[in-house]
Amino acid sequence: MKDWTFYIAGVKFHQAKSCVDKIKKDDFLKLVPEPDNKYDPNAIIISYSDTVLGYVPMKFSAEVSAFMEIADNPTCKVVEINPTAPTYEQIKVKIYSSEK
């Protein structure tokens, strides 16, 4: 199956700044579809614990949304964390299926 690697979108509008120092490489993040999002009907929230970090970038959201419906275990994992980078490049993640 396909996988996607990207920086989380929209972090400056959410709470990523409040927990970027707690997040570690290889941490798992939660994916939550947001079909009522007025900007993107395929929007997918990425969160850490109960904190919204941002979204799957719009250019990937339709594919990832479809993938989440068919994958047995869609997984979002932190592949790079850099608190000193520009906000939009602080958290890089990979979405893939961790089915065995």
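Residues numbered from 1 in each chain as written. Predicted model: local features only at pLDDT ≥ 70, side-chain atom pairs only at ≥ 80, totals over all residues. Heavy atoms only, no water.

Glancing now at the overall build of the chain. Counting secondary structure elements, the chain contains two helices and six strands. Overall, the chain shows an N-to-C arrangement of helices and strands of β-α-β-β-β-α-β-β. At 13 Å, the chain has a C-alpha radius of gyration in line with the 13 Å of a compact globule built from 100 residues. Once the C-alpha set of the chain is aligned to its principal axes, its extents read approximately 35 × 35 × 20 Å. The proportion of buried residues among the 100 residues of the chain is 39%. (Helix = DSSP H or I, 4+ residues; strand = E, 2+ residues; numbered from the N terminus. Rg over C-alpha atoms; globule rule 2.2 N^0.38 Å. Buried < 20%, exposed > 50% of the residue type's maximum accessible area, 1.4 Å probe, protein only.)

Examined against the element boundaries, L29 turns out to sit in strand 2 (residues 28-33). Given the relative accessible area of 7%, L29 is considered buried. L29 sits 27 residues away from K2 along the chain, and the two C-alpha atoms are 18 Å apart. Beyond its immediate chain neighbours, meaning those up to four positions away, L29 contacts I8, I46, S47, Y48, L53, C76, V78 and V93. (Contact = heavy atoms within 4.5 Å.)

A few words now on the packing of aromatic side chains. Summed over the entire model, instances satisfying the criterion amount to two aromatic pairs. Measuring from ring centre to ring centre gives 4.9 Å for W4 and F67, while their planes differ by 65°; the resulting arrangement is edge-to-face. In this pair, W4 sits in strand 1 (residues 4-7) while F67 sits in helix 2 (residues 58-70), placing the two residues 63 residues apart along the sequence. Classification of W4 as buried rests on a relative accessible area of 5%. A relative accessible area of 6% means that F67 is categorised as buried. Consider the rings of F6 and F60, whose centres lie 5.5 Å apart with planes at 20°: the pair is stacked. Highlighted residues: F6 in strand 1 and F60 in helix 2, separated in sequence by 54 residues. Accessibility assignment for this pair places F6 and F60 in one class, buried. Seen from the ring of Y96, K94 lies directly overhead, with NZ or CZ sitting 5.7 Å from the centre. (Phe/Tyr/Trp six-rings, centres within 6.5 Å; stacked < 30°, edge-to-face > 60°. Lys NZ or Arg CZ within 6 Å of the ring centre and 35° of its normal.)

Bringing the side chain of D40 into the picture now. Mapped onto the elements, D40 comes out in the loop between strand 2 and strand 3 (44-48). In this structure D40 is buried but unpaired, with K59 as the nearest side chain of opposite charge at 13 Å. Within the structure, the side chain of D40 is placed 2.9 Å from the backbone nitrogen of N42, a separation counted as a polar contact. Apart from the residues lying within four places of it in its own chain, the contact partners of D40 are E34, M58 and S61. (Lys, Arg positive; Asp, Glu negative; His and termini not counted. Salt bridge = Lys/Arg side-chain N within 4 Å of Asp/Glu carboxyl O. Polar contact = N/O pair within 3.5 Å; in protein donor to acceptor, adjacent residues only side chain to side chain.)

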